[in-house]
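Residue-level structure breakdown
Single-letter residue listing:
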Amino acid sequence: QVQLAESGGGLVQAGGSLRLSCAASGTIFSINRMSWYRQAPGNQRELVATMSSQTDRTYANSVKGRFTISRDYDKDTATIYMDDLKPEDSGVYYCSADLFQTRHSELSKHWGPGTRVTVSS
């Protein structure tokens, strides 16, 4: 079993900052990639940022220059730093991990339950 737990969501005014953290635990051999997605009411879940290594980070165009994703490879955690937040950044933010549970298993994707971010104007 693999568990992902997000933390750090909340209410912030436009222009403010938040930091979301995600910790993976359970049966994990290695994590290939960790990502952050978000879903606003009535919208589909969308990729916000993803990272496999220090040189492989990708961001949605809407957050480039404002959000930064990082990973702690020893602790199996991922953090997203969100600056200059806008009301359109509001939604439920989900952490995901693409990982191998054992040396012989296939790559599998796992999700956290999500944490809500609300940006007021």
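To be clear, the structure that these remarks concern was listed above.
Not measured: the values here are computed from a predicted model.

This next bit is on the overall build of the chain. Helices and strands together make up the secondary structure of the chain, namely 0 helices and 11 strands. When the elements of the chain are put in sequence order from the N terminus, they spell out β-β-β-β-β-β-β-β-β-β-β. With the C-alpha coordinates aligned to their principal axes, the bounding extent of the chain is approximately 50 × 30 × 25 Å. The buried share of the chain, reckoned over its 121 residues, is 40%. The contacts of the chain with a sequence gap of at least 6 include a subset with a gap of at least 24, amounting to 55%. Total accessible area on the chain is roughly 6,500 Å²; 46% of this is exposed by carbon and sulfur atoms. Treating the 13 positive side-chain charges of the chain as one cloud and the 12 negative ones as another, the clouds have centres 1 Å apart.

Let us now look at the packing of aromatic side chains. Tallied over the entire structure, the rule returns 1 aromatic pair. Looking at Arg 45, its charged tip hangs above the ring of Trp 111, at a distance of 4.7 Å from the centre. Over the ring of Trp 111 we find Lys 109; its NZ or CZ atom is 5.5 Å from the centre of that ring.

This part takes up the environment of Ser 7. Considering the arrangement of structural elements, one finds Ser 7 in strand S1 (residues 2-7). On the basis of relative accessibility, which here comes to 40%, the residue Ser 7 falls in the partly exposed class. The spacing of Ser 7 and Asn 32 is 25 residues in sequence and 21 Å in space, taken between C-alpha atoms. If we skip the residues at most four places from it in the chain, Ser 7 touches Arg 19, Leu 20 and Ser 21.

Conventions adopted
- Residue positions within a chain follow its written sequence, with the count starting from 1.
- Since the coordinates come from a predicted model, pLDDT governs what is reported: local features require at least 70, and pairs of side-chain atoms require 80 or more to be given and counted, while whole-chain, interface and lining totals use all residues.
- Side-chain descriptors were evaluated using all non-hydrogen atoms of the structure, hydrogens and water having been removed beforehand.
- Secondary structure elements are taken from DSSP: a helix is a run of H or I of four residues or more, a strand is a run of E of two residues or more, and numbering for both begins at the N terminus.
- Only protein chains enter the accessibility calculation, which uses a 1.4 Å probe. A residue is then buried if its area is under 20% of the maximum for its type, exposed if over 50%, and partly exposed in between.
- The criterion used for residue contact is that any of the two residues' heavy atoms lie within 4.5 Å.
- Per-residue and other accessible areas follow the Shrake-Rupley method at a 1.4 Å probe size, with only the shown protein chains counted as cover for residues.
- Here the positive residues are Lys and Arg and the negative ones are Asp and Glu; neither His nor the chain ends is included.
- By convention, the point assigned to a charge is CZ for Arg, NZ for Lys, CD for Glu and CG for Asp.
- Any two of the Phe, Tyr and Trp rings considered here, Trp counted by its six-membered ring, make a pair once their centres fall within 6.5 Å; the pair's planes then place it as stacked at under 30 degrees, edge-to-face at over 60, or tilted in between.
- Cation placement over rings: the criterion is NZ of Lys or CZ of Arg within 6 Å of the ring centroid and within 35° of the ring normal.

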